[in-house]
Number of protein chains: 2
Amino acid sequence: MYVQIRAETTRRFLLEAAATLFDEKGYAGTSISDISAHSGRTSGAIYFHYASKEKLALAIVEEHFATWPHLISRYRQPGLPALERLVGLSFEVARAFRDDIVVRAGARLWAERKAIDAQLPAPFLGWIEAVTQLLEEAARNGELAADVPPAATAHGIVCSFFGLHTVSDALEGRRHIEERLRDLWTLLLRGLQAEPDPAALLARVR
Amino acid sequence: MYVQIRAETTRRFLLEAAATLFDEKGYAGTSISDISAHSGRTSGAIYFHYASKEKLALAIVEEHFATWPHLISRYRQPGLPALERLVGLSFEVARAFRDDIVVRAGARLWAERKAIDAQLPAPFLGWIEAVTQLLEEAARNGELAADVPPAATAHGIVCSFFGLHTVSDALEGRRHIEERLRDLWTLLLRGLQAEPDPAALLARVR
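Rules and cut-offs
- Residues numbered from 1 in each chain as written.
- Chains lettered and ligands numbered in written order.
- Predicted model: local features only at pLDDT ≥ 70, side-chain atom pairs only at ≥ 80, totals over all residues.
- Heavy atoms only, no water.
- Helix = DSSP H or I, 4+ residues; strand = E, 2+ residues; numbered from the N terminus.
- Expected span 1.5 Å × (residues − 1).
- Contact = heavy atoms within 4.5 Å.
- UniProt positions renumbered as here; feature names shortened; annotations may be inferred.
- Core = buried A, V, L, I, M, F, W, Y, C linked by side-chain atoms within 4.5 Å.
- Buried < 20%, exposed > 50% of the residue type's maximum accessible area, 1.4 Å probe, protein only.
- Least-squares fit on C-alpha atoms with pLDDT ≥ 70 in both.
- Salt bridge = Lys/Arg side-chain N within 4 Å of Asp/Glu carboxyl O.
- Phe/Tyr/Trp six-rings, centres within 6.5 Å; stacked < 30°, edge-to-face > 60°.
- Lys NZ or Arg CZ within 6 Å of the ring centre and 35° of its normal.

**Overview of helix 8 (residues 150–172) of chain A**
Taking 1.5 Å as the rise per residue, helix 8 of chain A with 23 residues should run 33 Å; its terminal C-alpha atoms sit 32 Å apart, in good agreement. Positive phi shows up at Gly173 of chain A, right after helix 8 of chain A, with a value of about 55°.

**Section: the side chain of Glu84 of chain B**
Within the secondary structure, Glu84 of chain B sits in helix 5 (residues 82–99). Setting aside residues no more than four positions away along its own chain, Glu84 of chain B makes contact with Leu201, Arg204 and Val205 of chain B.

**A few points about the UniProt feature "DNA-binding region" (unreviewed entry) in chain A**
Sequence positions flagged by UniProt for "DNA-binding region" (unreviewed entry) are, in local numbering, residues 31–50 of chain A. For the annotated span residues 31–50 of chain A, helix accounts for 75% and strand for 0% of the residues, and the straight-line distance between the end C-alpha atoms is 13 Å.

**Focus on the environment of Ala170 of chain B**
Position of Ala170 of chain B among the secondary structure elements: in helix 8 (residues 150–172). Residues Ala170 of chain B and Gly44 of chain B, 126 residues apart in the sequence, show an inter-C-alpha distance of 36 Å. In contact with Ala170 of chain B, not counting residues within four places along its chain, are Trp110, Arg113 and Phe124 of chain A.

**Focus on the nonpolar core**
Counting residues in each nonpolar core, the largest one holds 138 residues, and the members touching the most others are Phe22 and Trp185 of chain A together with Phe22 and Trp185 of chain B. Aside from chain neighbours lying at most four places away, what touches Phe22 of chain A is Tyr27, Thr30, Ile35, Lys53, Leu56, Ala57, Ile60, Ala105, Arg108 and Leu109 of chain A.

**A look at the UniProt feature "domain: HTH tetR-type" (unreviewed entry) in chain A**
UniProt's entry tags residues 8–68 of chain A with the feature "domain: HTH tetR-type" (unreviewed entry), counted in the numbering of this structure. Helix and strand shares over residues 8–68 of chain A are 80% and 0% respectively, and the end C-alpha atoms of the span are 21 Å apart.

**Some points on unusual backbone geometry**
If you check the backbone angles, Phe124 of chain A has positive phi at about 75° while not being a glycine. Structurally, the position occupied by Phe124 of chain A is in the loop between helix 6 (101–111) and helix 7 (125–140).

**Thoughts on the relation of the copies chain B and chain A**
Structural alignment of chain B on chain A gives an RMSD of 0.0 Å, achieved by rotating through 180° and translating 0.0 Å along the axis. Taken together, the rotation and translation describe the operation of a two-fold axis. The overlap is high: 100% of the interface residues of chain B also sit at the interface in chain A, so the same surface is used on both sides.

**Here's the deal with the pattern of salt bridges**
All names here are of chain A. For the structure shown, the criterion picks out 26 salt bridges over all chains. Taking the shortest distance from any N to any O, the salt bridge between Glu16 and Arg12 comes out at 2.8 Å. Of the two residues, Glu16 and Arg12 are both situated in helix 1 (residues 2–25); the distance of four residues between them amounts to about one turn of the helix. According to the relative accessible area criterion, Glu16 is partly exposed, its value standing at 32%. In this structure, the salt-bridge partner of Glu112 is Arg108, at a minimum N-O distance of 2.7 Å. We note that Glu112, like Arg108, is buried. Overlapping salt bridges, with partners in common, bring together Arg95, Arg98, Asp99 and Glu178 in one network.

**Notes on the packing of aromatic side chains**
For the structure on display, the rule yields 12 aromatic pairs over all chains. Between Trp68 of chain A and Trp127 of chain A, the aromatic rings sit 5.4 Å apart at their centres with planes inclined by 55°, giving tilted as the arrangement. One end of the pair, Trp68 of chain A, is in helix 4 (residues 53–76); the other, Trp127 of chain A, is in helix 7, with 59 residues separating them in the sequence. We classify Trp68 of chain A as buried; its relative accessible area is 5%. For Trp127 of chain A, a relative accessible area of 18% gives the class buried. Relative to Phe162 of chain B, the ring of Phe124 of chain B has its centre 5.0 Å away and its plane inclined at 85°; by these criteria the two rings are edge-to-face. Placement of the pair is Phe124 of chain B in the loop between helix 6 (101–111) and helix 7 (125–140) and Phe162 of chain B in helix 8, with a sequence separation of 38 residues. Here a set of aromatic residues connected by ring pairs shows up, and it is made of Trp68, Phe97 and Trp127 of chain A. When the ring centre of Trp110 of chain B is taken as origin, the NZ or CZ atom of Arg113 of chain B, which lies over that ring, is 3.8 Å away.

Below is the structure:
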């Protein structure tokens, strides 16, 4: 039991050390010896926990993807209006992309997926599904403008959000991601809300 | 003169052969010998025209970026309403991303830029500037809703468009990019137009 907990802690420690390097230097730019030097553990110790660099990268991408269902389920709880929960969720995800090293590294490794010899999880579909459900709920509650089709709109929202991250990462290291996200929602909510008032909704969220 | 034209033709031939491989296998997955095998030219001939794999990748990315100013200047001509020109431009770019091998390869190499030891051009800024100008023109002509700020909105539009390409590439090899773009504009135009009627505008474009 104690050994198992210790092994879990070591695995997590190595995962975060590797994530720091993958985030900074990418998959091709990071070797197991770099991770060994950065973490202070031997290469043998790393291979004991993760059989290969591919497996380590895969574990980080899986951990990245595992972040979302838990977060989404919190925002599925009724209470606040569905559109407010959707916007609030997007800000929480944006902060995770900016601040959480495993999320950041997972995103970079996923973008470099064609260079990694491992089957990575399919992205975006879970998000499109979650956003569709929130928009359907918003439609049932009269928050959504009448002629907004939830599934096609959810696809557009997920694309916009993902593009925002890529552009913000490339141009400004994600420093202004929250202001940019606010501007994006100002644009999107004008077309989404039954009674458009993006500023009022955004003032209630975050 | 003849020699110069022939050299230009060979450079272009090699550029397209390399683009085909970079698009398919990425930067790390493609070697000069692969390009030699694919093009039927010797590695020496390739090095004669491009001093290194980095230089070849850089030439493709520069060629990709050079595609846009010419295209944008055509859509700057007055005539059709500015919002229609903006939407029309986006469809033309989407088709280039789907069908033009140098544009495709340039986009992939740009996404893998951290693995390439060369200074690549800064992306997005030219697009944000071009879209801002079209929105300003739309505002002057009364096509744009009153409280839409052109620069922040242009940023959101460029992000949405770029995200659409990434998602469409990952999920469906860009096969349905034109339908997806139509859905995205349906969402965006609802908030942009002074008198929202996305379906009518989209019917006039393409």
